[in-house]
Amino acid sequence: MCGIVGIISKHDVVEKIVSGLEMLEYRGYDSAGVAVIDQDGVIDRVRAVGKLQNLKSALNDQPIKGFIGIGHTRWATHGKATVANSHPILSKTVCVVHNGIIENCKELKFELQKDGYQFLTDTDTEVVAHLLQQQLDRGKSPREAFRYMLATVSGTYAFAVLFESSPHTLFVARRRSPLVLGFGEDICVASDTTALSGLSQEVIYLDDNEYAEISLSSVEIFNGNYELIKKDKVPIPESTIHTGKGGYDYYMLKEIMEQGSTLRHTMQHLSIPDNLFDDVSRILILACGTSYYAGMTARYWFEEYLHIPTDVEIASEYRYRKAIVQPNTLVVVITQSGETIDTLEALDYVRSNYNCRVLAISNVKNSAVSRMADYILYTDTGTEVGVASTKTFTAQLAVLASMAVHNNEFLLRELRNMPLLIEEVLSMQAQIKSLASSIVDVNSVLFLGRSSLYPIALEGALKLKEVSYIHAEGFAAGEIKHGPIALIDDTVPVICLCPYDSMFEKMSSNIQVALARGKRMLILTDAEGATRLPGEITKLIVPSVHPVFSALLYVVPLQMLAYYTALMRGNDVDKPRNLAKSVTVE
Ligand code: F6R
């Protein structure tokens, strides 16, 4: 979370920094700020609470200029979203932007206060600014101060720092939070390459514990022992260059509507490593959120078609358990961003304690996970800008399904047919929009599914709560009688995923049980299922699909339902409150 940008140029950098922040706003939008060193060699900064638009207005009222500067878009961790807590954070002659968490900030604050440094914010980052200033006040150079700070703080960070005493050099560092250097007419640094498209042609990805001193005339990169290292520039990946909303009001709708083509693209470019499953006696899937639900869905496929016992674990829980990984386990890590700290830490736990092969599935080329895995499979969807994952989820499912049925020509053909079926569902937009109007005012919605549609019920509920802020829960339909049924009354819509498949009869009974307690029900089914379900219930009839892949199809109307419900409630669908797309704090 939080996006950072830094630019050094022969021209004013403020507008470019703000454009970079615009591309990073998905990482947080509680507040934003920019700081430059002006022509008098003094740090000037402007900050504003809320979305970037507010910063732009503040910059109109109070313009600043400089050839070197840093910017930040914040997802609040320490301290509320106020101007005081907005980055860049200043201490006399030093200014810092930070993504991550300084874990020893309390101890450091105590020491710095004893030394006379006055704290004006609730942020953890302020200790970094004062620590650097303290070292300068003690006669250290910016380089010495920066190295001292890196050696003193614990936790996670990507930093960009301006020193008035070194007005042509930007100091940057990373540990567990992403940071990439960009090279073009200007020298840039950013949390990810999307912020650099249009500015840089080539990039260098910093690795953990590396830091750099950057000026227009030289870029020096150091490893964790402060030894100068050489890293090669690589062309900026094309998939990070996103092309706007394509005529849609929101990225989320654009990304939902793209799913036919993103799925085709992902499958065309996919190459499952030879012998991937040789000697594999167990699969362990680690992921969070929507990616975790993709993993849950894959378990059904892996066990049925690969005949390999599969465990799926929430990464943030897994790393704090003394989990045991059996010999010959293939670890599959699913992360759209490739940067989710919980997932990376869980992987790190496995890597540090066990010897096993790791396959990662990610949408972001060169993300941190790609450097920690033995194999990487990309969901080739292009950048997903909407904070709620949509097209990357179906692409993750396509990758996982391809892995599961890689030896089954018939099922592979069925899978390749999925984009067409999904496009049929996408053409039902008007119908789904009208269903959204029936849930727009409710307080709570339940989603029920069985088998591989159980994780889709969970995902449908997650999508709805994320963007509409309506309370929603997904359940395994057979489980509701064990408790959740108490939630059902006439006010609570129950959305059931019920294709005509081997689970149909069981699901129909669950529907009857729910219907006996409430009256608001929506069933997603196919033509055959519709003829066998009670006529009076509202139904959305989707194309019939091979039962193995129904998850891929049934999630799409649920994404649309969430989108339209949120839209009708007047929410900013692409930037739902409190969320950020890349979750780099624990
Ligand atoms: C929900 C959503 C999140 C992410 C989760 C993991 O729409 O996007 O639940 O799935 O934060 O993120 P990644 O996949 O980047 O590791």
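Going by the structure above, here's the rest.
Calculation criteria
Counting of residues starts from 1 at the beginning of each chain's written sequence and follows it residue by residue. In keeping with the predicted nature of the model, local features appear solely for residues at pLDDT of at least 70, side-chain atom pairs appear and are counted solely at 80 or more, and the whole-chain, interface and lining totals rest on all residues. Heavy atoms from the whole structure form the basis of all side-chain values; hydrogens and water molecules are not counted. Summary of the distance rule: residues count as near a molecule or strand when at least one heavy atom falls within 4 Å of that molecule or strand. Whenever a nitrogen or oxygen atom comes within 3.5 Å of another N or O atom, the pair is scored as a polar contact, on the condition that within protein one atom can donate a hydrogen and the other can accept it, and that pairs from neighbouring residues in sequence are kept only if both atoms are in side chains. In this description, accessible areas are obtained by the Shrake-Rupley approach with a 1.4 Å probe, and a residue is regarded as covered only by the protein chains that are shown. Segments assigned H or I by DSSP are reported as helices when at least four residues long, segments assigned E as strands when at least two residues long, and all are numbered from the N terminus. Residue polarity is assigned by list, with Asp, Glu, Lys and Arg as charged and Ala, Val, Leu, Ile, Met, Phe, Trp, Tyr, Cys and Pro as nonpolar; anything else, Gly included, falls into the polar class. Two strands make a pair as long as DSSP finds a minimum of two bridges between them. Throughout, an axis means a line fitted to C-alpha atoms (over the contacting stretch in the case of helices), and angles, computed between N-to-C directions, take values from 0 to 180 degrees. The contact definition used throughout considers only heavy atoms, calling two residues in contact when any of these lie within 4.5 Å. Each residue is placed in one exposure class: buried if its accessible area under a 1.4 Å probe, protein chains only, is under 20% of its type's maximum, exposed if it is over 50%, and partly exposed if it falls in between.

*Asks:* Teacher, can you tell me more about the site of the ligand here?
*Replies:* Close to the ligand lie 15 residues; Ser291, Thr335, Gln336, Ser337 and Thr340 are nearest. For the ligand, an oxygen atom lies 2.7 Å from a polar atom in the backbone of Gln336. Considering the ligand on its own, with 410 Å² of exposed area, one finds that the protein chains cover 91% of that surface. If you list the elements that add at least two residues to the shell around the ligand, you get α8 (289-306) and α16 (454-468). In terms of residue class, the shell around the ligand is made up of five nonpolar, eight polar and two charged.

*Asks:* What should I look at first to understand the sheet that holds strand β16 (residues 282-287) in this one?
*Replies:* Backbone-to-backbone hydrogen bonds join strands into a sheet, with any given pair of strands oriented parallel or antiparallel. Here we have five strands laid out as an open sheet, ordered β17-β16-β18-β19-β20, and parallel in their pairing. Strand pairing shows two members of the sheet lacking a second neighbour, β17 (310-314) and β20 (375-378), which therefore form its edges. Going across the sheet, the axis of each strand differs from the next one's by a mean of 20°, ignoring polarity. In this fold α8 packs onto β16, β17 and β18 (329-335), with an angle of close to 175° to the strand it touches most, β17.

*Asks:* Is there a simple way to think about the sheet that holds strand β21 (residues 444-449) in this case?
*Replies:* One open sheet accounts for five strands, arranged β22-β21-β23-β24-β25; its pairing is parallel. Lying at the two open borders of the sheet, with one neighbouring strand each, are β22 (471-476) and β25 (538-541). Taking the axes of each pair of neighbouring strands and ignoring which way they run, one obtains an average angle of 20° across the sheet. Across six bridges, the pairing between β21 and β22 is parallel. In the sheet register, Leu446 faces β22, and the bridge partner there is Glu473. Relative to β22, α16 is tilted by about 175°, and along the sheet it contacts β21, β22 and β23 (494-497). Contacts from helix α17 (residues 504-515) reach β21, β23 and β24 (521-525), with the element oriented near 170° to β24.

*Asks:* Whenever I open this one, unusual backbone geometry confuses me. Can you help?
*Replies:* Backbone geometry follows two general trends: most residues other than glycine have a negative phi, and most peptide bonds adopt the trans configuration. Omega for the peptide link from His87 to Pro88 comes to -5°, which places this bond in the cis form. Of note, Pro88 is situated in the loop between β4 (68-74) and β5 (89-91). Residue Ser451 is not a glycine yet carries a positive backbone phi of 55°. Structurally, Ser451 is set in the loop between β21 and α16. Classification of Ser451 as partly exposed rests on a relative accessible area of 34%. We note that Asn578 has phi near 70°; this positive angle belongs to a residue other than glycine. Looking at where Asn578 falls in the secondary structure, it is placed in the segment after α19 (550-568). Using a relative accessible area of 57% as the deciding quantity, one classes Asn578 as exposed.

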